[in-house]
There are 2 protein chains.
Amino acid sequence: SSSLSFRSHTCGELTAHHVGERVSLCGWVQYLRQDMFVILRDFSGLIQVLIPQEESASHLKSVLFDLTVESVIKVTGTVRQRPAGQENKRMPTGEVEILAESVEVFNVCRTLPFEIKDFVKKSESLRMQYRYLDLRSSQMQKNLRLRSQLVMKMREYLCNVHGFVDVETPTLFKRTPGGAKEFVVPSREPGRFYSLPQSPQQFKQLLMVAGIDRYFQMARCYRDEGSRPDRQPEFTQVDIEMSFVDQAGIMSLVEGLLQYSWPAEKGPIKVPFQTMTYEEAMRDYGVDKPDTRFSMKLMDLSEVFLSTEINFLRSALSQPEGSVQAIRVPMYFLIVCSFFMCMICPKELSVVLVNEDGTLKSVLKKLLSVSVTDELLQRTGAEPGDLLLIAAGSLHTVRPLLGNVRLLCAELLESRGVSVRDPSAFRFLWVVDFPLFLSKEEEPEQLESAHHPFTAALPEDTQLLYTEPHKVRGQHYDLVLNGCEIGGGSIRIHNASEQLYVLKNILKEDPSLLSHLLEALDSGAPPHGGIALGFDRLVSIIVGAPSIRDVIAFPKSFRGQDLMSCAPDFVSEEELKSYHISVKWPTERGGEEEK
Amino acid sequence: SSSLSFRSHTCGELTAHHVGERVSLCGWVQYLRQDMFVILRDFSGLIQVLIPQEESASHLKSVLFDLTVESVIKVTGTVRQRPAGQENKRMPTGEVEILAESVEVFNVCRTLPFEIKDFVKKSESLRMQYRYLDLRSSQMQKNLRLRSQLVMKMREYLCNVHGFVDVETPTLFKRTPGGAKEFVVPSREPGRFYSLPQSPQQFKQLLMVAGIDRYFQMARCYRDEGSRPDRQPEFTQVDIEMSFVDQAGIMSLVEGLLQYSWPAEKGPIKVPFQTMTYEEAMRDYGVDKPDTRFSMKLMDLSEVFLSTEINFLRSALSQPEGSVQAIRVPMYFLIVCSFFMCMICPKELSVVLVNEDGTLKSVLKKLLSVSVTDELLQRTGAEPGDLLLIAAGSLHTVRPLLGNVRLLCAELLESRGVSVRDPSAFRFLWVVDFPLFLSKEEEPEQLESAHHPFTAALPEDTQLLYTEPHKVRGQHYDLVLNGCEIGGGSIRIHNASEQLYVLKNILKEDPSLLSHLLEALDSGAPPHGGIALGFDRLVSIIVGAPSIRDVIAFPKSFRGQDLMSCAPDFVSEEELKSYHISVKWPTERGGEEEK
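Residues numbered from 1 in each chain as written. Chains lettered and ligands numbered in written order. Predicted model: local features only at pLDDT ≥ 70, side-chain atom pairs only at ≥ 80, totals over all residues. Heavy atoms only, no water.

1. Notes on the sheet that holds strand β20 (residues 476-481) of chain B
Residue and element names in this part refer to chain B.
Moving on, step 1. Taking strand neighbours across the sheet as the criterion, the eight strands line up as β6-β9-β10-β22-β21-β20-β17-β11 in an open arrangement whose pairing is mixed. At either margin of the open sheet sits one strand with a lone partner, and together these are β6 (165-166) and β11 (274-277).
Moving on, step 2. Bridge count between β11 and strand β17 (residues 428-432): four bridges; the pairing is parallel. Bridge pairing in β17 links M276 to V431. (Pairing = 2+ DSSP bridges. Helix = DSSP H or I, 4+ residues; strand = E, 2+ residues; numbered from the N terminus.)

Quick look at the structure:
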């Protein structure tokens, strides 16, 4: 990585092996030390440069002394062993130093708004405003380089190992029916707009119809969600589609892909990944993307309370899909007094503490018979010091509630120093057999796609499409890593009449908006399926970054702004003229008017 | 490339080596032949499937007979040698055929608007409307696959050989000062717009300031040029930037990149490429992107006519930078009568034909003395049958005129069957030492950047910036292939005060619009430079495609439309509300109004 460059070596690569070599290094002045040393930095690391102290080198000395921190220089000199006792074991190049012979100053640095040192904590907005300084930190350098290497390995696997074709698809496209989160781009034709697509879904399917056979793309996608934390208006997905393949084929492909490209320093990952049905995930974890690094699973206690006299449990069990569920959390004394318990419990959760002597402590206690108490302890395996959190109601509300509480408890325990989840573990999980359709919230008798309208039914459920569509499971698969959904895909409908039936009869959508896709399916579409992996999220989990902003070179703020250049920005009415649009300014009383 | 698939082999890979093997193939029915054969196609090629004729296979037979062209099937059977005399030498799989044992029909194809055969000529708009069918042609399959392989090799070279970091930069950004060709994207903040950048120029420089050291990206770029033939509103460039490098370093890098990634079947390319200064290119070829596959260079005849009595030559020579220039074209009889000559010559070109006996034929003939005639013939090397095209005037007009005429003559000769340019040759050429600034057409005393305001001056010209900026040459380099500019780059200004001087004092631009870049240069910017290669154009030249539309999966029409989905399309006023814009509809009398 010093080819074609002014330097002969990078700072970080020099070791005792280089002693005696004459080298040229280019980099940034990290700091000056003891009036004798310049610590020089490039992307690869730090090296100590010894300033010669002889009178004959006085010019060199004064140039180096005058350097401000973060100035950019080239130093030529000889690598030498550091004097005995002066080695720095914590520094990879700490055995050696460079005796400077000459220096060239490329650029003098002004006083910066913050220092480029990893221990200097900066505010997020300052980091974003001076992103070009923030990126100089060793962590950000590591993140961006790991990302680049990961994507390179993925490409090698897909192109070179499995014969995929890298195809670029347009980002200026037609608005998707109901694509409320799509940015619009005015064209020079009055009233006509392009749209920035949320994914290349239509294109990848059309490429299969086109006989491309195996397509992939590191696809830039766009989603206008307004202000949402840790979402970005543009993001990248590993977009994959294959013909003549089934669900197991795509799942194997992705397992192989991740195994092949996984960074060596993060340890190997095992394949195949665990697979769980949607129903199992909801039953055991209360969520469709379980964090399987820890247990604390949901337990069904409905049978225990079948003949209970406790009112709220009785009424819960008498409603449709009524259930009593619980999770068991260890070491209640660590969390029971916390803010969280006070806030959540009174309303929706019943709390049962198991005392050291095995007795219970709970408002429910006097309502529980001895036999019910015994059964409760036995079924849940609760031991002294444990906390039982019991919720009752419809499965649709109880499960997600306990699923959330489970994660909150893990966080609370961890914040008090209890090891719940191994931070170096990577637990992949496939979730399969999702329902194909869900009831619309505002209109429960109307169905909407659980994922998108192009997903095929499970072969054994296909006939239900025409009779009981709400019971149909789809050939959809989600990939979950440590409780985060990092990908999702499906086998698609390749039959035009089935696709038309789903759009028109089940979803009640206007099929003419997708006429080009329907026509394509009718023109010799092969069976096909694919997946999209959220690349930013995947990288952020691998490097352990708290936010996807830490693995994107120039992210937007949570309000969608680039704080460095101040984008988005005002554009003159004159410039908007060729696009036949004008701004409607909000008025003080809440309406809008043209200026 | 049959891993994880329903098939065991691809159609095109089967040869005599596979005889006796039982195989499963998936593909499209190309056609049925002689009631005995199905010709099956996938991306890899064609294979002949023999339909068994026995009574016991009557079901299989009837299924295959009923297939429409372009239906999608899976065939399982045994590879066998074709009977002697029935081999097809023109077909790579022509020695073998598959004896079908079973068939699965995945999809039946309706009647298509055109056949998928390479010899079927379709109109451009029909091709675009049914792009998913057009892409099934062997030529388009080849183009997209070669493109994918080329980009893969480029990445290998940059990442794996030279340590470049693949960094994705935003496409939702701030409007560039004067960026008249940038699409705007309304945001949810009233009056504020993102802009889709024409290139990641600012980001690549900021990444160097950030210490990334070596950056590349296959960058999606956007340019709104309205309707222009063979331009696309979105296109891809190979975007490269390096720190601590000079012009020669970048040029070597690109030569190595192209040599490494060049498709083997196109023959090797030689490096280093020829280099020519801008001045030499203009002098010899009348253009800054010469097609060096043929000669017909411009010749300066000013000296021949120094003391001429011919009026228009005298007056041309007396003006500033006045000159008489000529090109010599062989075989005038092939082109002299053509439409082109009639149209162009009378006004701007003087035509001299050299007869078979060495005498001249020209309206100028009687005005030329014997000695001038001799000198003319000697200087130009004109021989019997040659055509001399002479133009007189200022160098700034004469050179481009003859540069154009030179290319037109080559086309005319080729259209008449004369071989002028080797169609299989790839002539790369670097053009260097461009002027840094040009006079604005409408305001000649005001300078504008020849390329962009971030290009550094040649070291030996830097002082001229402050005294005679119009004389400064830039460290800019263009890469030309067969007369097409396929790339351009420069060493950038890395000194903040020099950049400020160029923006403010020379270009008279408002530097506050680039304050983030100026601040970045002041924060320890390394010397750096880079290049961008127009990837679509490069691929189209390699595959010999007439248009970049032939190497883009889903291109827009020359009016910027997607003819398949009808984008751009109308968007309801309701949907525009969250972006605080409204459409201004043109009125009949030419103004605009809101609906």
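After that view, the rundown keeps rolling.
2. Let's talk about the nonpolar core
Moving on, step 1. Counting 112 residues, the largest nonpolar core has A:F428 and B:F428 as the members making the most contacts within it.
Moving on, step 2. Setting aside residues up to four positions removed in sequence, A:F428 forms contacts with A:L258, A:W262, A:I269, A:F273, A:Q274, A:L479, A:V480, A:L481 and A:I486. (Core = buried A, V, L, I, M, F, W, Y, C linked by side-chain atoms within 4.5 Å. Buried < 20%, exposed > 50% of the residue type's maximum accessible area, 1.4 Å probe, protein only. Contact = heavy atoms within 4.5 Å.)

3. Some points on the relation of the copies chain A and chain B
Moving on, step 1. Mapping chain A onto chain B leaves a residual RMSD of 0.1 Å; the transformation is a rotation of 180° accompanied by 0.0 Å of translation along its axis. The transformation just described matches what one would write down for a two-fold rotation axis.
Moving on, step 2. Both copies share a contact surface, since 100% of the interface residues of chain A are interface residues in chain B too. (Least-squares fit on C-alpha atoms with pLDDT ≥ 70 in both.)

4. Observations concerning the environment of A:Y130
Moving on, step 1. Structurally, the position occupied by A:Y130 is in the loop between α2 (124-129) and α3 (131-134).
Moving on, step 2. Once the C-alpha coordinates of A:Y130 and A:P113 are considered, the two residues, 17 residues apart in sequence, prove to be 8.3 Å apart.
Moving on, step 3. If sequence neighbours within four positions are ignored, A:Y130 has contacts with A:R110, A:P113, A:F114 and B:E519.

5. What to know about the packing of aromatic side chains
The relative placement of two aromatic rings is captured by the distance of their centres and the angle of their planes.
Moving on, step 1. The final tally for this structure, using the stated rule, is 34 aromatic pairs over all chains.
Moving on, step 2. A centroid spacing of 4.4 Å and a plane angle of 55° characterise the contact between A:F173 and A:F203, whose relative ring orientation is tilted. Placement of A:F173 in the loop between β6 (165-166) and β7 (183-186) and of A:F203 in helix α5 (residues 201-209) is noted, with a sequence separation of 30 residues between them.
Moving on, step 3. For the pair B:Y278 and B:F434, a centre-to-centre distance of 5.2 Å together with 40° between the ring planes defines the contact as tilted. (Phe/Tyr/Trp six-rings, centres within 6.5 Å; stacked < 30°, edge-to-face > 60°.)

6. Topic: the pattern of salt bridges
Residue and element names in this part refer to chain A.
Moving on, step 1. Applying the stated criterion across every chain, the model contains 80 salt bridges over all chains.
Moving on, step 2. Across the salt bridge formed by K577 and E574, the nearest N and O atoms sit 3.9 Å from each other. Placement of the pair is K577 and E574 together in helix α16 (residues 573-577), with a separation of three residues, close to one helical turn.
Moving on, step 3. Looking at E574, the relative accessible area reads 56%, which means it is exposed. (Salt bridge = Lys/Arg side-chain N within 4 Å of Asp/Glu carboxyl O.)

7. As for the state of the cysteines
Moving on, step 1. On inspection of all chains with the given rule, the structure shows zero disulfides over all chains.
Moving on, step 2. No disulfide involves B:C221; its sulfur sits 18 Å from that of A:C221, the nearest cysteine.
Moving on, step 3. Residue B:C221 is classed as buried on the basis of its relative accessible area, which comes to 0%. (Disulfide = S-S within 2.5 Å.)

8. Focus on the side chain of B:S362
Residue and element names in this part refer to chain B.
Moving on, step 1. Note that S362 resides in the loop between β15 (360-361) and α11 (370-380).
Moving on, step 2. Here the side chain of S362 touches L364 through a polar contact of 2.9 Å, landing on its backbone nitrogen.
Moving on, step 3. Among all residues touching S362, those that are not within four sequence positions of it are V351 and V352. (Polar contact = N/O pair within 3.5 Å; in protein donor to acceptor, adjacent residues only side chain to side chain.)

9. Observations concerning the packing of helix α4 (residues 138-161) of chain A against helix α4 (residues 138-161) of chain B
Moving on, step 1. Contact geometry of α4(A) with α4(B) gives a least axis separation of 11 Å together with a crossing angle of 145°. Regarding α4(A) and α4(B), the two cross each other, and that crossing is left-handed. Residues A:S148, A:M152, A:R155, A:E156, A:C159 and A:N160 of α4(A) form the contact with α4(B), whose participating residues are B:S148, B:M152, B:R155, B:E156, B:C159 and B:N160.
Moving on, step 2. For the contact of α4(A) with α4(B), the class distribution of residues is four nonpolar, four polar and four charged. (Axes fitted to C-alpha atoms, helices over the stretch in contact; angles between N-to-C directions. Left-handed = near helix turned anticlockwise from the far one by under 90°. Nonpolar A, V, L, I, M, F, W, Y, C, P; charged D, E, K, R; others polar.)

10. Let's talk about the domain arrangement of chain A
As a measure of interface size, the accessible area lost when the parts come together is often cited.
Moving on, step 1. Domains assigned within chain A are domain 1 (11-107), domain 2 (140-278 + 426-551) and domain 3 (294-415).
Moving on, step 2. Its C-alpha centre places domain 1 of chain A at a distance of 50 Å from the equivalent point of domain 2 of chain A. (Domains from an automatic or database assignment.)

11. Things to note about the interface of chain A and chain B
Moving on, step 1. Taken together, the contact between chain A and chain B spans 127 residues of the former and 128 residues of the latter.
Moving on, step 2. Taken as a group, A:L4, A:E168 and A:F244 account for 7% of the area that chain A buries against chain B, more than any other trio of residues on that side.
Moving on, step 3. In this structure, the connection of chain A to chain B is made through 16 salt bridges.
Moving on, step 4. Ionic pairing is found between B:E519 and A:R110, a salt bridge with its closest N-O pair at 3.6 Å.
Moving on, step 5. Remark: the boundary between chain A and chain B carries 77 residue pairs in polar contact (both at pLDDT 80 or more).
Moving on, step 6. Considering each element in turn, the side of chain A that touches chain B owes the most residues, 11 residues, to α4(A).
Moving on, step 7. A breakdown of the residues in the side of chain A that touches chain B according to their chemical character gives 65 nonpolar, 31 polar and 31 charged.
Moving on, step 8. As paired elements, strand β8 (residues 192-196) of chain A and strand β23 (residues 569-570) of chain B share two bridges and run antiparallel to each other. Bridged to A:F193 within β23(B) is B:D569. (Buried area = accessible area lost by both parts, 1.4 Å probe.)

12. Let's talk about the sheet that holds strand β23 (residues 569-570) of chain A
Whenever strands of a sheet pair, they do so through backbone hydrogen bonds, lying parallel or antiparallel.
Moving on, step 1. Sheet architecture is open: three strands sit in the order β23(A)-β8(B)-β7(B), paired in antiparallel fashion. Since the sheet does not close on itself, it has two edges, and those belong to β23 of chain A together with β7 (183-186) of chain B, each with one partner.

13. Brief notes about the pairing of strand β9 (residues 214-222) of chain A
Residue and element names in this part refer to chain A.
Moving on, step 1. Of all nine residues in β9, nine are buried; the element is thus mostly enclosed.
Moving on, step 2. Side chains R214, F216, M218, R220 and Y222 project from β9 onto one buried face, and the interleaved Y215, Q217, A219 and C221 project onto a second face that is buried too.
Moving on, step 3. Pairing of β6 with β9, which is carried by two bridges, proceeds in the parallel orientation. Directly across from V165, in β9, lies its bridge partner Y215.

14. Quick look at unusual backbone geometry
Moving on, step 1. A:P568 follows A:A567 through a cis peptide bond whose omega is -5°.
Moving on, step 2. Mapped onto the fold, A:P568 is located in the loop between α15 (535-543) and β23.
Moving on, step 3. Omega for the peptide link from B:V271 to B:P272 comes to -5°, which places this bond in the cis form.
Moving on, step 4. Looking at the secondary structure, you find B:P272 in the loop between α6 (247-261) and β11.
Moving on, step 5. For A:D35, which is not a glycine, the phi torsion comes out positive at approximately 55°.
Moving on, step 6. As for its placement among the helices and strands, A:D35 is situated in the loop between β1 (22-33) and β2 (37-42).
Moving on, step 7. A:D35 gets classed as exposed once you look at its relative accessible area, which sits at 57%.
Moving on, step 8. Despite not being glycine, B:F244 shows a phi value in the positive range, around 55°.

15. Here we look at helix α13 (residues 496-506) of chain B
Residues and elements named next belong to chain B.
Moving on, step 1. Within α13 the residues assigned to the buried category are A496, E498, Q499, V502, L503 and I506.
Moving on, step 2. Lining the buried residues of α13 we find β18 (437-439), β19 (447-449) and α14 (515-521).
Moving on, step 3. Immediately beyond the C-terminal end of α13, within one or two residues, lies K508, with a positive phi of roughly 55°.

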